[in-house]
Amino acid sequence: MLFNTRQETLPREELKALQLRRLKDVCARVYANVSFYKKRFDEIGIKPDDIKTLDDLKLIPFTEKQDLRDHYPYGLFAVPRDNIVRLQASSGTTGKAVVLGYTQRDLDNWAEMAARSLTAAGVTRRDVVHVAYGYGLFTGGLGAHGGAERIGATVVPASGGATRRQTYLLRDFEATVLCCTPSYALHLWEAGQEEGIDFRDLPLRIGCFGAEPWSEAMRQDIEQKMGIDAMNIYGLSEIMGPGVAMECVEAKNGLHLWEDHFLAEIIDPVTGEQLPYGERGELVITTLTKEGTPLLRYRTRDLTSLDATPCSCGRTHVRIARLSGRTDDMLIIRGVNVFPQQIESIIMENEGLSPNYQLIVDRQDNLDTLEICVEVDAQLFCDEIRHLQKLEQRIQKKVKEFLGVTTRVRLLEPHSIERSQGKAKRIVDKRNLL
Ligand code: DLL
């Protein structure tokens, strides 16, 4: 099922023509209203009128998170503050917050795109949608909420936290859809087990999980444990929040990025050169319709590739591949590049290991060390020590074989890694403390 059939199935030629019209429009708007962009254009000697084809996008310099920080809080807004009806912000772990402003039309577009996204996952107006993303300055809660309401579903604005109570709400309100981070979904499931609530016995049928990287193996684990379709939703505060791109339940193979509102490119993160469809690199997004905080060529730091081949669901919008990590999440261990998700995939191949894991990076005698801490299930933990040691060695060997790094693996008893109510903390880098 589609939410906005016409827009979601626009022939690609029409989609491109629409993108070009909107690209010219957003360039003119930021040039006239945002001094940061006017200066940028003037510095390199281009005017909005010089953008004549989609290819001319390459002329425009990138926008980075630092630019938003440097203009904190309102410096990149393109409309008077009076026209802003909502602020959202992302704090991140370091540095100043990044503040985004939404006009009423921005909120309407966001709700539409979140509605398209949930519909792509199979959500309908008959569903009870339990939203356990945090509500507040973080975009997860309000974003998913707006989409579910737009569809006309029954929304339960649970937000994050009070995990045990949430399991009762899921059961009592007969939730059919769960929206939260994949790690929190597993935390909820565990709490349910402890309370004697088996998610497989509930009417729950769809999960809309995102806001953090997760692997295909983790999807399978969640689907099997909960008896649902676990769908991948992508978004980021700077661009909009949840609903920038979403998997369709028909294909479950890549996330449709709503191209009538966003223009996506993949670049080589080192050289900044555009890469062709199919090649993996950094996702760069230009907002085509946003009024409050339009951004040109925003570097997301997320690594993926684009696929514009026809999809079995009939949507024509380009698909981004499951995100394989962020350029800034990449660990460099003795010169070898490692992404947490690669390790997650190796862990998940083993029966009895949970997706609750942490990577501890440290430095000994000037050499980087990587320790993989993984929880095992209760049954396995009671097994003979010898068996556990063997398993540790097996993982160690696999990581060495596939990623080329030497690690130490530690299997931990259940619940020894702290659970997060939002994004899981996968990396503890002790090198930063030195
Ligand atoms: O996490 C928005 C969101 C909320 C998306 C709820 C999906 C669901 P930020 O806090 O600004 O916004 O974090 C954005 O999270 O650049 C990615 O690195 C990561 N991320 C988001 N969705 C996914 C996903 C929200 N499905 C950053 N897979 C992004 C992998 C994701 N990473």
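Quick summary incoming for the structure in this document. None of these values were measured; they are calculated from a predicted model.

With that out of the way, let us pick up the packing of aromatic side chains. Using the criterion set out here, one finds five aromatic pairs in the structure. Note on Tyr31 and Phe41: the rings are 5.8 Å apart at their centroids and 55° apart in plane angle, and the pair reads as tilted. Here Phe41 lies in helix H3 (residues 35-44) and Tyr31 lies in helix H2 (residues 12-33), a separation of 10 residues in the sequence. Note on accessibility: Tyr31 and Phe41 belong to one class, buried. Above the plane of the ring of Phe62 lies Arg299, whose end atom (NZ or CZ) is 5.3 Å from the centre.

All right, on to the site of the ligand then. As a structural note, the neighbourhood of the ligand is formed by 19 residues, with Asn232, Ile233, Ser237, Asp302 and Lys423 the closest of them. Between the ligand and Ser237, the relevant distance is 2.5 Å, taken from an oxygen atom to a side-chain nitrogen or oxygen of the residue. Residue Asp302 places a side-chain N or O atom 2.6 Å away from an oxygen atom belonging to the ligand. Surface burial for the ligand is 93%, taken as the share of its 610 Å² of free accessible area covered by protein chains. Secondary-structure elements contributing two or more residues to the shell around the ligand are helix H6 (139-151) and strand S7 (229-236). Take the shell around the ligand: its biggest share by element is five residues, from S7.

On to the sheet that holds strand S12 (residues 298-304), then. Backbone hydrogen bonds hold the strands of a sheet together, and the pairing may be parallel or antiparallel. As summarised here, the arrangement of the three strands in space is S10-S11-S12, forming an open sheet in which the pairing is antiparallel. The outermost strands of the open sheet, each flanked by one partner alone, are strand S10 (262-267) and S12. Looking at each pair of strands side by side, their axes are set apart by 30° on average, direction ignored. Where strand S11 (residues 281-287) meets S12, four bridges bridge the pair, whose relative direction is antiparallel. From the neighbouring strand, Ile285 faces S12, where its bridge partner is Tyr298.

The next point concerns the pattern of salt bridges. Considering all chains together, one arrives at 39 salt bridges under this definition. Glu259 serves as the salt-bridge partner of Arg12, at 2.8 Å between the closest nitrogen and oxygen. Residue Arg12 is found in helix H2, and its partner Glu259 is found in the loop between strand S9 (255-257) and S10; the two are separated by 247 residues along the sequence. The salt bridge involving Glu371 is made with Arg410; its shortest N-O contact spans 3.2 Å. A residue pair is termed long-range when its members are at least 10 positions apart, and Glu371 in strand S18 (residues 367-376) and Arg410 in strand S19 (residues 408-412) qualify at 39 residues. On the accessibility criterion, Glu371 (16% relative accessible area) is buried.

The rules behind these values
Residues numbered from 1 in each chain as written. Predicted model: local features only at pLDDT ≥ 70, side-chain atom pairs only at ≥ 80, totals over all residues. Heavy atoms only, no water. Phe/Tyr/Trp six-rings, centres within 6.5 Å; stacked < 30°, edge-to-face > 60°. Helix = DSSP H or I, 4+ residues; strand = E, 2+ residues; numbered from the N terminus. Buried < 20%, exposed > 50% of the residue type's maximum accessible area, 1.4 Å probe, protein only. Lys NZ or Arg CZ within 6 Å of the ring centre and 35° of its normal. Near = heavy atom within 4 Å. Polar contact = N/O pair within 3.5 Å; in protein donor to acceptor, adjacent residues only side chain to side chain. Areas by Shrake-Rupley, 256 points an atom, 1.4 Å probe, with all protein chains shown as cover. Pairing = 2+ DSSP bridges. Axes fitted to C-alpha atoms, helices over the stretch in contact; angles between N-to-C directions. Salt bridge = Lys/Arg side-chain N within 4 Å of Asp/Glu carboxyl O.

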